[in-house]
Amino acid sequence: MKTLLRFKENVISVRGLILSGPLSRLLLQHLRCCSGAAIQRHNERVPIKCSDLLDEFTTYCYARDLPRAMNALNTLHIQKIWADAVTYSELIKCCLARGAVEQGKRVHQHVFSNGYEPKTFLVNTLMNMYVKFNMLDEAQALFDQMSDRNVVSWTTMIAAYSSAKINNKALEFLIFMMRDGVRPNMFTYSSVLRACDDLSNLRQLHCSLLKVGLESDVFVRSALIDVYSKMGQLECAMCTFNEMVTGDFVVWNSIIGGFAQNSDGDEALTLFKRMKRAGFSADQSTLTSALRACTSLALLEVGRQVHVHVLKFKRDLILDNALLDMYCKCGNLEDAHQIFSQMVEKDVISWSTMIIGYAQNGFSRKALELFKEMKVSGIRPNYITVLGVLFACSHAGLVEDGQYYFHSMKKLFGIDPGREHYGCMVDLLGRFGKLDEAVKLIHEMECEPDAVTWRTLLGACRVHRNMDLAEYAAKQIIRLDPSDAGTYILLSNIYARTQKWEDVMDLRRSMKERGVKKEPGCSWIEVNKQIHAFIMGDNSHPQKEEINKELNQIIWRLKEVGYVPDTNFVLQDLEDEQMEDSLLFHSEKIAVAFGVLSLSREKTIRIRKNLRICGDCHLFVKLLAQIEHRSIVIRDPIRYHHFQDGICSCGDYW
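From a predicted model like this one, the values you see are computed outputs, not experimental measurements.

Draft legend 1. Summary view of the overall build of the protein chain. Broken down by element type, the protein chain carries 33 helices and nine strands. The buried share of the protein chain, taken over its 654 residues, is 49%. Contacts spanning at least 24 positions in sequence make up 61% of the contacts within the protein chain whose residues lie at least 6 apart. When the accessible surface of the protein chain is split by element, carbon and sulfur atoms take 51% of a total near 33800 Å².

Draft legend 2. Up close: the packing of aromatic side chains. The tally for this structure, following the rule as stated, stands at 17 aromatic pairs. Aromatic side chains F534 and F594 sit 5.5 Å apart centroid to centroid with 50° between the ring planes, which places their arrangement in the tilted category. Of the two residues, F534 sits in strand β5 (residues 530-535) while F594 sits in helix α32 (residues 587-598), which places them 60 residues apart along the sequence. Here F534 falls in the buried class, since its relative accessible area comes to 5%. Given a relative accessible area of 1%, F594 falls into the buried group. Through successive ring pairs, a cluster of aromatic residues spans F143, W154, Y161 and F173. We note R149 situated over the ring of F143; from NZ or CZ to the ring centre the distance is 4.3 Å. The side chain of K366 reaches across the aromatic face of F363, ending 5.9 Å from its centre.

Draft legend 3. Representation of the side chain of S394. You can see S394 is positioned in helix α22 (residues 383-396). In this structure S394 comes out as buried when scored by relative accessible area, which is 1%. Residues in contact with S394, not counting those within four places in the same chain, are C424, D427, L428 and R431.

Draft legend 4. How the structure looks around the packing of helix α3 (residues 66-79) against helix α5 (residues 101-111). Packing of α3 against α5 leaves a shortest axis separation of 11 Å and a crossing angle of 25°. When the axes of α3 and α5 are compared, the pair comes out roughly parallel. Here the hand of the crossing between α3 and α5 comes out left-handed. Counting all contacts with α3, which are made through L66, M70, L73, N74, L76 and H77, the residues of α5 involved are Q103, R106, V107 and H110. Along the lines of polarity and charge, the residues of the contact of α3 with α5 split into five nonpolar, four polar and one charged.

Draft legend 5. Geometry of a nonpolar patch on the surface. A surface patch of nonpolar side chains, about 290 Å² in accessible area, is lined by Y62, V86 and F121. Along the chain, F121 falls in helix α6 (residues 120-132).

Draft legend 6. Expanded view of the environment of R497. Position of R497 among the secondary structure elements: in helix α28 (residues 485-497). Taking relative accessible area as the criterion, R497 reaches 36% and is therefore assigned partly exposed. R497 sits 30 residues away from M467 along the chain, and the two C-alpha atoms are 9.7 Å apart.

Draft legend 7. Spatial organisation of the environment of V516. Take V516: it is sitting in the loop between α29 (501-514) and β4 (522-527). Considering only alpha carbons, one finds V516 and Y488, 28 residues apart in sequence, at a separation of 8.9 Å. Not counting residues within four places of it along the chain, the set of residues in contact with V516 comprises P482, S483, A485, Y488 and M511.

Draft legend 8. Highlighting unusual backbone geometry. With a phi close to 60°, K165 is a non-glycine residue in the positive phi region. K165 sits in the exposed class, given a relative accessible area of 61%. If you check the backbone angles, D645 has positive phi at about 55° while not being a glycine. Within the element layout of this structure, D645 appears in the loop between β8 (640-644) and β9 (647-648).

Draft legend 9. Broad picture of the pattern of salt bridges. What the rule picks out here adds up to 21 salt bridges. Of the charged contacts in the structure, one is a salt bridge between R455 and D481, with a shortest N-O distance of 2.8 Å. In this pair, R455 sits in helix α26 (residues 451-463) while D481 sits in the loop between α27 (467-480) and α28, placing the two residues 26 residues apart along the sequence. The partly exposed category is assigned to D481, whose relative accessible area is 21%.

Draft legend 10. Spatial organisation of the UniProt feature "repeat: PPR" (unreviewed entry) in the protein chain. Listed under "repeat: PPR" (unreviewed entry) in the UniProt record, and renumbered for this structure, are residues 84-118, 150-184, 248-282, 316-346, 347-381 and 484-518. In residues 84-118, helix accounts for 71% and strand for 0%; the two terminal C-alpha atoms are 9 Å from one another. This span, residues 484-518, is 77% helix and 0% strand, and a straight line between its end C-alpha atoms measures 8 Å.

Draft legend 11. Focus on the pairing of strand β6 (residues 605-609). The buried fraction of β6 amounts to four of the five residues, a majority that puts the element mostly inside the structure. Summarising the sheet, β6 and strand β7 (residues 632-635) pair through four bridges and their orientation is parallel. Pairing of R608 across the sheet is with R635, part of β7. A crossover connection joins β6 to the parallel β7 through helix α33 (residues 615-628); in handedness this β-α-β unit is right-handed.

Draft legend 12. The confidence of the model for the protein chain, seen in detail. For the protein chain, per-residue confidence averages 86 on the pLDDT scale, and 89% of positions sit at 70 or higher. A low-confidence stretch, residues 572-578 (pLDDT under 50), is modelled with eight contacts involving residues beyond four sequence positions or located in other chains.

Draft legend 13. Examining the side chain of R635 more closely. Looking at the secondary structure, you find R635 in strand β7. One buried charged side chain, R635, makes no salt bridge at all; its nearest oppositely charged neighbour is D636, positioned 7.5 Å away. There is a polar contact of 2.6 Å between the side chain of R635 and the backbone oxygen of T295. Look past the residues within four positions of R635 in its chain and what remains in contact with it is T295, S296, A298, K329, I607, R608, K609 and Y640.

Draft legend 14. Spotlight on the nonpolar core. Of all hydrophobic cores here, the largest spans 162 residues; its most connected members are F57, L193, I255 and L457. If you tally residues by element for this core, the top one is helix α18 (residues 317-329), at eight residues. Contacts of I255, omitting those with residues within four sequence positions, involve I225, A237, M238, F241 and L271. Counting 33 residues, the second largest nonpolar core, distinct from the first, contains V527, F534, L558 and A593.

About the cut-offs
Residues numbered from 1 in each chain as written. Predicted model: local features only at pLDDT ≥ 70, side-chain atom pairs only at ≥ 80, totals over all residues. Heavy atoms only, no water. Helix = DSSP H or I, 4+ residues; strand = E, 2+ residues; numbered from the N terminus. Buried < 20%, exposed > 50% of the residue type's maximum accessible area, 1.4 Å probe, protein only. Contact = heavy atoms within 4.5 Å. Areas by Shrake-Rupley, 256 points an atom, 1.4 Å probe, with all protein chains shown as cover. Phe/Tyr/Trp six-rings, centres within 6.5 Å; stacked < 30°, edge-to-face > 60°. Lys NZ or Arg CZ within 6 Å of the ring centre and 35° of its normal. Axes fitted to C-alpha atoms, helices over the stretch in contact; angles between N-to-C directions. Parallel < 35°, antiparallel > 145°, perpendicular 65-115°, else oblique. Left-handed = near helix turned anticlockwise from the far one by under 90°. Nonpolar A, V, L, I, M, F, W, Y, C, P; charged D, E, K, R; others polar. Patch = residues over 30% accessible without salt bridge, like charges linked within 9 Å, V, L, I, M, F, W, Y side chains within 5 Å. Salt bridge = Lys/Arg side-chain N within 4 Å of Asp/Glu carboxyl O. UniProt positions renumbered as here; feature names shortened; annotations may be inferred. Pairing = 2+ DSSP bridges. Right-handed = clockwise from strand over helix to strand, strands pointing away. pLDDT = per-residue confidence, 0-100. Lys, Arg positive; Asp, Glu negative; His and termini not counted. Polar contact = N/O pair within 3.5 Å; in protein donor to acceptor, adjacent residues only side chain to side chain. Core = buried A, V, L, I, M, F, W, Y, C linked by side-chain atoms within 4.5 Å.

As C-alpha cells, this is what we get:
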C-alpha cells in the first residue's frame, strides 16, 4: 500500500498539497490519533485498534469458537484490555459445554488481572462455572473474596452444597445470608429445602416460607413436597399440595412422584388420574412415577395403559428403564425382553434391571447369559448388577460360580460386598444344604447382619429341617425386628412340634406384651382393569358366593389327584379340622379361584400378595396349574413364582 502521507520536520505533503508551519503540526497530530489510518513514521508500526480486538474476541465468544476465543483473550491480556461481562459469560458457557477446565481458569485469571475489578454478575458466572465443574473449593474461594454479594451469589453456593449433599454447609449459608441482610428468593429456598435431612429443620423452613409469602411459588411448593415425601411424611406432603389449587404440572409431578417413591402406588395412580381430569398433560417425569406405581402394585394392565402414553414421546432412556422394570416386576418377561432388545441406548441400569428380572422370576440361566453379554458390550457392572448375578447363581444352584463372583467382585469390578451380597451367598449355601458354612459366613460379615440375612438362613433351615439352627436364626430375627409376627409364629410352631409348651406360652406372652399381631394376608388380582383384593375371612366381595363355590370345586378336584392340606403351615394349637379350614381360605387361594372364575384359560392369572406364600398354597397352585392347563404368576415380597405344567420357576425353594 502506497504511503499517503510524507512528513519531514514541519512540512507535510498530502496528495500534492503542501502545508507547513503550525498548521502542519496540528494536522499531523490529528492524523496520528485517528483510528484506521495506516500511518508510518520511519520504521514504526501503528498498534492494532482496541475496538478491532474486542470485536474479534466478541465474535469468537458468541460463535463458541473456543480455540480462537482463547487466542484473542491472550492478546487482550497482553494489551491490558477488558471486554464486557456478558461477552466473558458467553466464553464461560463455551468452557462449560466443552468441559474446558483449564480455559475456564484462564478466563478467571484474566478478569482479575492488573487490579481489574469485574462486576458481580461476572464473578457469579465464574463461581457457577466452578460449581458445575465440581470444584467447590475454588467456588468457595471466589465467594470469600467477593466484596459485593447479591442473592445470586449466596444461592449459587447454597445450591452447590445442597447438590453435593453437604447439607450442614447449605443450611449454614442460609443463616449467614440472612445475617448479611440479603433476602432469600424462591430459588434459594427450593435449593436449601433439598438440603434438609431433619424434620425439625424442614418445619422451621416451612414456617419461614409462610412468613415471606413464598409458599405459593411453584418451585418452592414442589421442593417442599419432594422433601416431605423423602422423609416419609406423606400427610404433610399432601397438605402442602392441597393448600391451594395448582396451575402447574411441576407440583403434580412432585406429589405423584412422592407417593410412588414411598410405595403407595394406589394413591399415586389416583393422583395421576386426577391430574389428567384436571386437564394437565403428562410428561416423562409423570409417566416414570406412574410406571413406578404400577410396578409396586404389580398392575400389568394399568402399566400397559401407561405404556400407551409413553409411545407418544421420543425414546427416552429413563422411561425405557422404568418400562423395563415395570414389566419385570409384573412378571411379564416376554414384554420386558422386547423392550430391552428394542432399546437404542442401554446403560448399567438397563442391563441390571433385566438381569435381576430374569433372576427373580426364576430364569437364572438367562440372567447369567445376559451378564456375559453385558461384559462384552463394555458396560461395567455395578453393585446391583453383581447382586443380580449372585441371586441367579443361588437359584440355579451354582455354588462355585457364586463363590467366585462373591470373592472376586472387588478385584473384578471394584465393588465391596454389602449386606445384600452376603445375603445372596447365605441363600446359595443354604439352598445347597451347607448350613454350617452359611452361619460361618454370617459371622464373618464386615457389617452387622440384619434381620433379612437371618430370615434367609431361617428359610434354608426350614427346607432342610434343621430345627435347632432354625430356632437360633428365629431368635436373632426377633432380637433385630421385635415386630416380625411371622417369625414369632414360626418359632412357636417349632416349639410346639418338639413339645416345648412352656416356650410356646412364653413366646405368646411376649407377643402380647409387645403388641405384635400377625398382619392379615392380602392378595389382589387385576380383572377387566379393576383391582380385586381378598383377605382371609373377609366376605365383602359381591361375588363371594360364586368364589367360594369355585374354590370348593377346585379343592375337590385337587384332592382327587392327591392334594392333602399341609397343616405344618398353621398354628399348632388349633384342632385338625380348624387347621385345614384356615389353610383352604388363605387369601391367595381365594384370589386364584376368582381368577379361574373370571379369566379365560388362555389368559395368565397374575396375583400379588403382601406376605410370603406358604408351602401349602404353593403346592395348591402348582397342582391347579397342572390340571387346569393354566399359567399362574404369584408375586410375594420375596420373589416371583411362575406356575405352569405342575412346575414352579422357583424350583420349590423360596
